[in-house]
Amino acid sequence: FFPNHLKIAIKECLISSIQQFTFVQRLSDRFITFFSPYVEIKISQYDGYQYNHAFASIETYLGEKATHKAKHLRASQVKESKDLVLKRDDTRTRDEYKGVNVWWEIETDSEGFRTYKLTFHRRSRDIVTDSYMKHIFEEGKLIDAKNKKMKLYTNNPSSSWGPNKTALWRCIDFEHPASFDTVAMDSKKKEEILNDLAAFSNGKEYYKKIGKAWKRGYLLYGPPGTGKSTMIAAMANLLNYSIYDVELTAIKDNSELRKLLIGTASKSIIVIEDIDCSLDPTGQRSFKKKKKKKKRFLMSWKKEKDKDQEEGKEENKSFVTLSGLLNFIDGIWSACGQERIIVFTTNHLAKLDPALIRRGRMDMHIELSYCTFEAFKILAKNYLDLDTHPLYTKIESLLKETKIAPADVAENLMKKKSEIDADGSLNDLIDALEGKNAQKATVDESSEKHGIKRFNPFRNLF
Ligand SMILES: Nc1ncnc2c1ncn2[C@@H]1O[C@H](COP(=O)(O)OP(=O)(O)OP(=O)(O)O)[C@@H](O)[C@H]1O
Ligand SMILES: [Mg+2]
């Protein structure tokens, strides 16, 4: 209907008016901002992959503030034994600090990222940026420490991380009853560990002074059922730290491992269980030095890996290598955040690459071993509330001759009826030690030989 040149002219005219409009709008925005007496600061939930701890402190602080005035509240119970915690649930909050008014607003973008926007008058810029922000972070931390819910995290497979990387970890509340009082082990060793943990958790200034990252590594080793996982739970309860249980088989490569570990919060214990079974053996540094037999094993492992890749099954295997892990421990680990503990566990210390266990990498090596008489007495106190018993002498001499894991002792001491029957339980234990309960002993021996894992208290919670 219109001639072509007219159509083009109309189109150009439209484009130029849109451009002019946007230009005018931009100009007017700048104009308003320039003359507006208000200043805005934005604090996002994530800074790249890393969680922004400032965001968490603000959220806690605002959540807790002036709940008696708020119209929208959220209630939660931090621990069963504690009272309900009420939090504000408004998207806009006004706050007052040393006579200065500020306004907080929460925004959520299309990807689900949240950002806090703080608005205040520019004449209060100094007081807000210097002391108000500091006040919020400190208050937030204090409230967090008071109400802290311990969490147990486990990593999601990278296929379900999502575009905004907020789903690296999934978590549940951590409520494990283990404590150092109930861990059965040599009392001297226990005290040494307790002192080490106390020195670590109170060591902020000390670590700063000596120029070392505020981190500590523990290697727990020993046969199945000797209390390695229980000790990790006891450590978490003692320090009020959350646990990140790293499932290496769900991690495809070293770079995924890095992203995951950088995404952990401070005041946490990062756990890698059964480190000897979890690493990609083709990436071990000492590969060249290994004997023929080991080479043959690696070749078959490689073949299997290639086959899995062809069949699209590679997501079931982890290609995290020892060097990847070492790089992390030595490098990024020191640079990312503070106040973290890393724990490796293994049933076979001898199978570990010396590079992994050399001093300086894992700060403390803790052996958890078969049940001694001293450990038995702790278990008997826990399970039967006994301090002594005529059968103790017999049990003491039997324990010297027999290797039995504390888990098996504990199982024999568990009450089997509604009432505790100390005599019955101790006799059951004596039977087990004398080999009358032979079936149990063989099951455990074979599970150790074939690397069969017993109940994992962390993973079984999911
Ligand atoms: N030293 C111990 N003190 C107290 N309880 C223990 C101890 N060792 C084992 N137990 C009991 O046995 C159960 C299994 O122990 P745990 O899972 O901690 O063993 P583990 O060393 O982690 O074994 P694995 O090598 O198979 O992972 C625990 O639930 C706990 O009740
Ligand atoms: Mg374990």
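Residues numbered from 1 in each chain as written. Chains lettered and ligands numbered in written order. Predicted model: local features only at pLDDT ≥ 70, side-chain atom pairs only at ≥ 80, totals over all residues. Heavy atoms only, no water.

Caption draft 1: A look at the packing of helix α12 (residues 373-384) against helix α13 (residues 392-401). Taken N-terminus to C-terminus, the directions of α12 and α13 make an angle of 135°; their axes are 9 Å apart at the nearest point. Here α12 lies oblique to α13, going by the angle between them. Handedness of the α12/α13 crossing: right-handed. Together, F373, F376, K377 and A380 of α12 and Y392, I395, E396 and L399 of α13 make up the contact between the two elements. Taken together, the residues of the contact of α12 with α13 break down into 6 nonpolar, no polar and 2 charged. (Axes fitted to C-alpha atoms, helices over the stretch in contact; angles between N-to-C directions. Helix = DSSP H or I, 4+ residues; strand = E, 2+ residues; numbered from the N terminus. Parallel < 35°, antiparallel > 145°, perpendicular 65-115°, else oblique. Left-handed = near helix turned anticlockwise from the far one by under 90°. Contact = heavy atoms within 4.5 Å. Nonpolar A, V, L, I, M, F, W, Y, C, P; charged D, E, K, R; others polar.)

Caption draft 2: Inspection of the pattern of salt bridges at higher detail. Counted by the stated rule, this structure contains 13 salt bridges. Close ionic contact of K117 with E107 constitutes a salt bridge, the shortest N to O distance being 3.6 Å. Of the two residues, K117 sits in strand β8 (residues 114-121) while E107 sits in strand β7 (residues 100-108), which places them 10 residues apart along the sequence. For K117, a relative accessible area of 14% corresponds to the buried category. A relative accessible area of 28% means that E107 is categorised as partly exposed. A salt bridge links K267 to E339; the nearest nitrogen and oxygen atoms lie 3.0 Å apart. (Salt bridge = Lys/Arg side-chain N within 4 Å of Asp/Glu carboxyl O. Buried < 20%, exposed > 50% of the residue type's maximum accessible area, 1.4 Å probe, protein only.)

Caption draft 3: Representation of the packing of aromatic side chains. In this structure the tally under the stated criterion is 13 aromatic pairs. A network of ring pairs unites the aromatic residues F55, Y97, W104, Y116 and Y132 as a single cluster. (Phe/Tyr/Trp six-rings, centres within 6.5 Å; stacked < 30°, edge-to-face > 60°.)

Caption draft 4: Inspection of the side chain of E273 at higher detail. Mapping E273 onto the fold places it in the loop between β13 (268-272) and α8 (275-278). Taking the relative accessible area as the measure of exposure, E273 reaches 7% and is therefore buried. Reaching out from E273, the side chain makes a polar contact with the side chain of S229 at a distance of 2.9 Å. (Polar contact = N/O pair within 3.5 Å; in protein donor to acceptor, adjacent residues only side chain to side chain.)

Caption draft 5: The arrangement of the pairing of β7 in detail. Where strand β6 (residues 92-97) lies against β7, 6 bridges are found, and the strand directions are antiparallel. What sits directly across from Y97, in β7, is V100. Between the antiparallel neighbours β6 and β7 lie 2 residues, among them K98 with a positive phi of about 45°. Of the strand pairs in this sheet, β7 and β8 are connected by 7 bridges, and their pairing is antiparallel. Residue pairing across strands places E105 opposite K117, the latter belonging to β8. Linking β7 back to β8 in an antiparallel pair, the connection comprises 5 residues, with G112 at a positive phi of about 95°. (Pairing = 2+ DSSP bridges.)

Caption draft 6: The sheet that holds strand β15 (residues 364-367), seen in detail. Read across the open sheet, the 7 strands follow the order β10-β9-β12-β13-β14-β11-β15; overall the sheet is mixed. Both edges of this open sheet fall to β10 (169-173) and β15, since each of them pairs with a single strand only. Mean inter-strand twist for the sheet, computed between neighbouring axes without regard to direction, equals 20°. Across 4 bridges, strand β11 (residues 215-221) lies against β15 in parallel orientation. Residue pairing for β15: Y218 is matched across the bridge by M364. Across the sheet, helix α6 (residues 228-239) is in contact with β11, β12 (242-245), β13, β14 (340-346) and β15; its angle to β14 comes to roughly 170°.

Caption draft 7: Fine view of a nonpolar patch on the surface. There is a patch of nonpolar side chains on the surface, built from L6, I10 and L14 and spanning about 250 Å² of accessible area. With respect to the helices, strands and loops of the structure, I10 is situated in helix α1 (residues 4-35). A relative accessible area of 41% means that I10 is categorised as partly exposed. (Patch = residues over 30% accessible without salt bridge, like charges linked within 9 Å, V, L, I, M, F, W, Y side chains within 5 Å. Areas by Shrake-Rupley, 256 points an atom, 1.4 Å probe, with all protein chains shown as cover.)

Caption draft 8: Here's a closer look at the sheet that holds β8. Spatially, 4 strands are ordered β1-β8-β7-β6 in an open sheet, and the strand pairing comes out antiparallel. At either margin of the open sheet sits one strand with a lone partner, and together these are β1 (38-44) and β6. In this sheet, adjacent strand axes meet at a mean angle of 25° when their direction is disregarded. Sheet topology places β1 next to β8; 7 bridges connect them, and they run antiparallel.

Caption draft 9: Local environment of the packing of α12 against helix α14 (residues 406-413). Following both chains from N to C, one finds α12 and α14 inclined at 35°, their axes separated by 10 Å at the closest point. For the element pair α12 and α14, the recorded crossing hand is right-handed. Of the residues in α14, those in contact with F376, L379, A380, Y383 and L384 of α12 are P406, V409, A410 and L413. In terms of residue class, the contact of α12 with α14 is made up of 9 nonpolar, no polar and no charged.

Read these as geometric descriptors, not functional statements.
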